[in-house]
Amino acid sequence: MTDLLLTGGRIIDPASELDHTGDVLVRDGVIAAISAEPIATDAPSIDCEGFIVSPGLLDIHVHFRDPDTTGHHEETIATGAAAAVAGGFTTVCCMPNTTPAIDCRTVVESILYRGAQAGLARVFPVACGTIARKGETVAPILELVEAGAAAISDDGDGIADSGTMKRILSLVAAADSVFMQHCQDPTLTRGAAMNAGPLATRLGLGGWPREAEEIMLRRDLVLNRSIGARYHAQHLSVAESVDALRDARVEGQPATGEASPHHLLLTEETCDDWNTLAKVNPPLRTANDVDAIKRGIAEGIITVLATDHAPHPAHTKDTDFASAAFGMVGLECALPLYREALIDGGVLDWPAMLRMMTCEPASVAGLAHLGLGRLETGGPADITVIDPDAAWTIDPEVFHSRGRNCPFTGRPVRGRAVATIVAGRIRYQRAGDRADSAIEDRAEVR
Ligand SMILES: [Zn+2]
């Protein structure tokens, strides 16, 4: 394998609190040297002056819709992984709401195999808590984790039955894995399409009460008190969830939570005029909720940023709001959206934001022991080179994802990955050398 030298970038490693200008040498898939001084070598190099050299970004919440025996192929592991590296992500964890669901060893192993075959981002499956995600029969959690599942979740649905949830938490603790909960009490959200309130009433849409999220989250944290499993609350949308998570962390529970780009930047107003691109689960909430989630991040209560990348074909959005599919794509526009919400929003600086995209999600998903989410001599050379100020306009038509369902279309943003390196190989690089010099809008996956 050839060497690669990254020269003159701002090297940020949140795990070790490294933040200085210098060179990074990659050799045989691992980081051979990190130096504040220029490294002399005739290896091929990337000029990173003005750029950030970060550990490869992790997104522990994506939907790749694969396997899919329905024939819809809204995404595949290969197209999803291409979207990941184009967005700067070197590792993703894909959710089990597939057909069939990820509830047996064979499916876990096939996703690991096909992720490796795609040869782009590292792809780790998240396996089911219950068989076929039906919320009834507990899945063989120990076996699924042993087969390589990074986490356990029925994402798309919460585990409604408290007894079942308690058994799952016990098994997750025994497996030293993590449960990722989609917090939604289904008895409160029948027929719900958007945040409950005056706007839903005016649009004639079923309202999704905020309590649906808090109730399940609080219940889980009560159940987990005597168990102490690692527990992760997905895509938090309401202020009360931040309070619930804070309470559990103060108690000493190993509980974490994540925020998504859309819940940091958009409110229910985006659903006005029956804009189906803004239909998402959990729904967009109020400005007060957006502020509370940002405060939760500033306080260190929410430690992970995750996209909930959810591709859908156009026809499932090009319909009436009540019938439209939930979700939006996120991998290829997340980085600048986080920048807008958190850095431009005065909540975090670059090292603190990158922490939420590198070592923190690696720790939650149990991937830190592989050396992922950090820059370390001798560790895997998963590196994202970021132009923090690149100005561009979000256009889903050029996404590598098959999904075009994005409510941020046409939004001017700043910041993007210019090179994504996985195990020492450049898996994505923006056309041209410099992102600020008339880069074409077409990106190449190598
Ligand atoms: Zn979910």
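Residues numbered from 1 in each chain as written. Predicted model: local features only at pLDDT ≥ 70, side-chain atom pairs only at ≥ 80, totals over all residues. Heavy atoms only, no water.

Undergrad: Any chance you could explain helix 6 (residues 211-223) here in plain terms?
TA: Count 3.6 residues to each turn of an α-helix, and residues three or four apart come out pointing the same way. Across its 13 residues, helix 6 extends 18 Å between first and last C-alpha, which sits within 8% of the 18 Å expected from 1.5 Å per residue. Considered for burial, the residues of helix 6 that qualify are Ala 212, Glu 213, Met 216, Leu 217, Arg 219, Asp 220, Leu 221 and Leu 223. (Helix = DSSP H or I, 4+ residues; strand = E, 2+ residues; numbered from the N terminus. Expected span 1.5 Å × (residues − 1). Buried < 20%, exposed > 50% of the residue type's maximum accessible area, 1.4 Å probe, protein only.)

Undergrad: Where do I start with the side chain of Lys 317 in this structure?
TA: Relative to the helices and strands, Lys 317 resides in the loop between strand 15 (304-305) and helix 10 (334-343). One buried charge, Lys 317, has no salt-bridge partner; the nearest side chain with opposite charge is Asp 308, at 10 Å. Engagement of the side chain of Lys 317 in a polar contact is seen with the backbone oxygen of Lys 279, the distance being 3.0 Å. From its side chain, Lys 317 meets the backbone oxygen of Ala 325 in a polar contact 2.7 Å long. (Lys, Arg positive; Asp, Glu negative; His and termini not counted. Salt bridge = Lys/Arg side-chain N within 4 Å of Asp/Glu carboxyl O. Polar contact = N/O pair within 3.5 Å; in protein donor to acceptor, adjacent residues only side chain to side chain.)

Undergrad: Which parts of the structure should I look at to understand the coordination of the zinc ion?
TA: Under perfect tetrahedral coordination by four donors, a metal shows angles of 109.5 degrees; under perfect octahedral coordination by six donors, it shows angles of 90 or 180 degrees. Bound to the zinc ion on the protein side are Asp 155 (OD), His 182 (ND1) and His 235 (NE2), at distances that span 2.0 to 2.2 Å. Each donor residue of the zinc ion belongs to the same chain, and together they define the spacing D-x26-H-x52-H. Separated by 27 residues along the polypeptide, Asp 155 in the loop between strand 9 (151-152) and helix 4 (162-174) and His 182 in the loop between strand 10 (178-181) and strand 11 (194-195) bring together distant segments of the chain. Taking the relative accessible area as the measure of exposure, His 182 reaches 2% and is therefore buried. (Donors = N, O, S within 2.8 Å, 3.2 Å for Na, K, Ca; no water.)

Undergrad: Mind showing me how you'd approach the domain arrangement of the chain here?
TA: How big an interface is tends to be expressed through the accessible area that disappears when the partners come together. One can read the domain layout of the chain as domain 1 (4-53 + 378-445) and domain 2 (56-370). Spacing between the C-alpha centres of domain 1 and domain 2 amounts to 26 Å. In this complex, domain 1 contributes 40 residues to the contact, which on the side of domain 2 involves 47 residues. Here domain 1 packs against domain 2, burying approximately 3400 Å² in sum over the two surfaces, 63% of which is carbon and sulfur. Interface area lost by domain 1 to domain 2 is led by Arg 402, Asn 405 and Phe 408, which between them contribute 20%. The tally of links from domain 1 across to domain 2 stands at three salt bridges. Here Arg 339 and Asp 389 are joined by a salt bridge, their closest N and O atoms 2.9 Å apart. Inspection of the domain 1/domain 2 interface yields 19 residue pairs in polar contact (both at pLDDT 80 or more). (Domains from an automatic or database assignment. Contact = heavy atoms within 4.5 Å. Buried area = accessible area lost by both parts, 1.4 Å probe.)

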